[in-house]
Amino acid sequence: MSTVGGSATIPSTVEVAAGSRAVTDFEKGRDLYNFRCYFCHGYAGDAKTLAATYLDPPPRNFTTTPLAQLPRARMIQSVTQGRNNTAMAGFKETLSKQEIVLVVDFVRQAFMSGEKPNTRYHTAGNGWPNHQRYAAAFPFAQGEIALDRAVESLTPAQRQGRKLFMASCITCHDRAKVDDEGIAWDPRPVSYPRAGYSHRLPEADAVSSATPYSIHNKAPVVKGLNAQEREGERLYQAANSCAFCHAADGTGKNWIGTFLEPHARDLTTLEGMTQQRLEGVIRDGLKGTTMPAWRDVLDEKQRAAVAAYVMRVFVPR
Ligand code: HEC
Ligand code: HEC
Ligand code: HEC
């Protein structure tokens, strides 16, 4: 492929298959783009980037810009000189004329014409072989499911995906969609939830294992529980269940419990609590707090079992 007088011919049969990195003009354009432009315009050319959330005007979304709407010559001009009063700076100091043409042609072909598959970040070449195996987390990475959607309304597969996203993806995909950008997402001295955090595996987390929190992650050993109370114990102590917030020992003095505002209630101080009131709280949750309603998660028998366990083991009489 030759470049004459600053204008490149668009290659017509470039192999973009993962692994093959023939150094065509298209690939040179891709390298330039992925180094200089993705930060604002996105690997996928759709400008769904962190930068786009604070730039006004936002970077151009090339995937919704038809070729005819933005002529090649104007693009070369804009990339060379920049656009006045926008974050789009000119590249005439950093890129040669030829490189500007290459990157513009790459943008036209990869994103605007739809002829070529979009550049993807998670390719084997970038160190992400078989990224498809994380498919369950894609809807959270791509903002199709809000991160703060009520967990009870998610299917088991979606819950699995959310968990995976929180553990392995959020570090980079930190602009995941949330319905309520409220206080929970404000800058805070502690980040929650931490990657890989589990109240079951305190030693996996530097914060909880280095502090007194972890002593509250041990379930009390109570002899002589009846069948219903044993079932309640299983449900209470299960991962992502009551113990997650109220601690295995019911005090709410585990790491998550003390972090929540208001704190998860210390169940060992609920003098005067009755089994009936307890079942009501578990069923309906407490408005304005993180105490969830369990009516769609646990059936009536299970709720009664949890309540029986809490009454027997934690509530003082
Ligand atoms: C090291 C940072 C990083 C991590 C970790 C990461 N991603 Fe990404 N991801 C990116 C970048 C960068 C893009 C490209 C975004 C763009 O188009 O500008 C991306 C794009 C995507 C896309 C869009 C399609 C594509 O391949 O470009 C999906 C889906 C996705 N990521 C899912 C995930 C999932 C699921 C995880 C966790 C298992 C994850 N990512 C972890 C950085 C990361
Ligand atoms: C710092 C963020 C940023 C970077 C980096 C950036 N752009 Fe832009 N770009 C923008 C913004 C913002 C606009 C929208 C300007 C406007 O609305 O006039 C834009 C617009 C454009 C346009 C449309 C211009 C027009 O005439 O309407 C093209 C083409 C473009 N960018 C190409 C590139 C290329 C190619 C690169 C890399 C060499 C790049 N941009 C790097 C922010 C950026
Ligand atoms: C996501 C965290 C979270 C989970 C999970 C959770 N709770 Fe709570 N719970 C709280 C918070 C926070 C409060 C305190 C609210 C307040 O102070 O108003 C609370 C309060 C309570 C109370 C006190 C009610 C009252 O009337 O004073 C009981 C009892 C209770 N939870 C039981 C449970 C049981 C049983 C489970 C499991 C089925 C559970 N909680 C799961 C966060 C949680």
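Higher on the page you've got the structure.
1. Here's the deal with the coordination of the iron atom of ligand 2
Six octahedral donors around a metal ideally sit at 90 or 180 degrees from one another, while four tetrahedral donors ideally sit at 109.5 degrees.
Link 1 in the chain: Here the iron atom of ligand 2 is held by the protein donor atoms His41 (NE2) and Met88 (SD), which lie 2.0 to 2.2 Å from it.
Link 2 in the chain: For the iron atom of ligand 2, the six donor atoms in the first shell make angles of 87 to 178° at the metal, a pattern classed as octahedral. With histidine 41 in helix α2 (residues 38–41) and methionine 88 in the loop between α4 (72–81) and α5 (97–112), this residue pair connects regions lying 47 residues apart in the sequence.

2. A closer look at the site of ligand 1
Link 1 in the chain: In the vicinity of ligand 1 there are 17 residues, among which Tyr43, His122, Cys169, Cys172 and His173 approach most closely.
Link 2 in the chain: One nitrogen or oxygen atom from the side chain of histidine 122 is found 2.8 Å from a nitrogen atom belonging to ligand 1.
Link 3 in the chain: Mapping ligand 1 onto the cavity grids shows that it belongs to the second largest pocket.
Link 4 in the chain: Elements with a minimum of two residues in the shell around ligand 1: α6 (138–141) and α7 (156–169).
Link 5 in the chain: Taken together, the residues of the shell around ligand 1 sort by class into ten nonpolar, six polar and one charged.

3. Some thoughts on the site of ligand 2
Link 1 in the chain: Cys37, Cys40, His41, Ser78 and Met88 are the nearest of the 20 residues found near ligand 2.
Link 2 in the chain: Between ligand 2 and the protein, one listed contact pairs an oxygen atom with a side-chain N or O atom of arginine 60 at 2.9 Å.
Link 3 in the chain: With respect to ligand 2, the side chain of serine 78 contributes an N or O atom lying 2.6 Å from an oxygen atom.
Link 4 in the chain: Only α2 and α4 provide two or more residues apiece to the shell around ligand 2.
Link 5 in the chain: Tallying contributions element by element places α4 first for the shell around ligand 2, with four residues.

4. As for the coordination of the iron atom of ligand 3
Link 1 in the chain: Protein-derived ligands of the iron atom of ligand 3 are His246 (NE2) and Met291 (SD), with the metal-ligand distances lying across 1.9 to 2.1 Å.
Link 2 in the chain: A relative accessible area of 12% places histidine 246 in the buried class.

5. A closer look at the packing of aromatic side chains
By convention here, two paired aromatic rings are described through the distance between centres and the angle between planes.
Link 1 in the chain: Overall, the coordinates contain ten aromatic pairs when judged by the stated rule.
Link 2 in the chain: Ring geometry for tyrosine 33 against phenylalanine 106: centres 5.5 Å apart, planes inclined by 45°, an arrangement best described as tilted. Taken together, the positions of tyrosine 33 in helix α1 (residues 25–36) and phenylalanine 106 in helix α5 put the pair 73 residues apart, joining distant regions of the chain. The pair formed by tyrosine 33 and phenylalanine 106 is uniform in burial state, with each residue classed as buried.
Link 3 in the chain: Judged by centre distance (5.6 Å) and plane angle (50°), the rings of tyrosine 236 and tyrosine 309 are tilted.

6. Considerations on the nonpolar core
Link 1 in the chain: Grouped together as the largest cluster of nonpolar side chains are 20 residues, with contacts concentrated most on Tyr236, Leu278, Val306, Tyr309, Val310 and Phe314.
Link 2 in the chain: Every element with two or more residues in this core is listed here: α9 (227–237), α10 (242–246), α12 (275–284) and α13 (300–313).
Link 3 in the chain: Looking at this core element by element, the count peaks at six residues for α13.
Link 4 in the chain: Ignoring anything within four residues of it in the chain, the contact list for leucine 278 reads Met273, Ala307, Val310 and Met311.
Link 5 in the chain: Counting residues in hydrophobic clusters, the runner-up holds 19 residues, among them Leu70, Phe91, Phe111 and Met112.

What counts as what
- Residues numbered from 1 in each chain as written.
- Chains lettered and ligands numbered in written order.
- Predicted model: local features only at pLDDT ≥ 70, side-chain atom pairs only at ≥ 80, totals over all residues.
- Heavy atoms only, no water.
- Donors = N, O, S within 2.8 Å, 3.2 Å for Na, K, Ca; no water.
- Tetrahedral: all angles 85-135°; square planar, octahedral: opposite > 155°, others 65-115°.
- Helix = DSSP H or I, 4+ residues; strand = E, 2+ residues; numbered from the N terminus.
- Near = heavy atom within 4 Å.
- Polar contact = N/O pair within 3.5 Å; in protein donor to acceptor, adjacent residues only side chain to side chain.
- 1 Å grid on protein atoms, 1.4 Å probe; cavity = no way out; pocket = protein on both sides within 12 Å on 5 of 7 lines; lining within 4 Å.
- Sits in = over half its atoms within 2 Å of the grid points.
- Nonpolar A, V, L, I, M, F, W, Y, C, P; charged D, E, K, R; others polar.
- Buried < 20%, exposed > 50% of the residue type's maximum accessible area, 1.4 Å probe, protein only.
- Phe/Tyr/Trp six-rings, centres within 6.5 Å; stacked < 30°, edge-to-face > 60°.
- Core = buried A, V, L, I, M, F, W, Y, C linked by side-chain atoms within 4.5 Å.
- Contact = heavy atoms within 4.5 Å.

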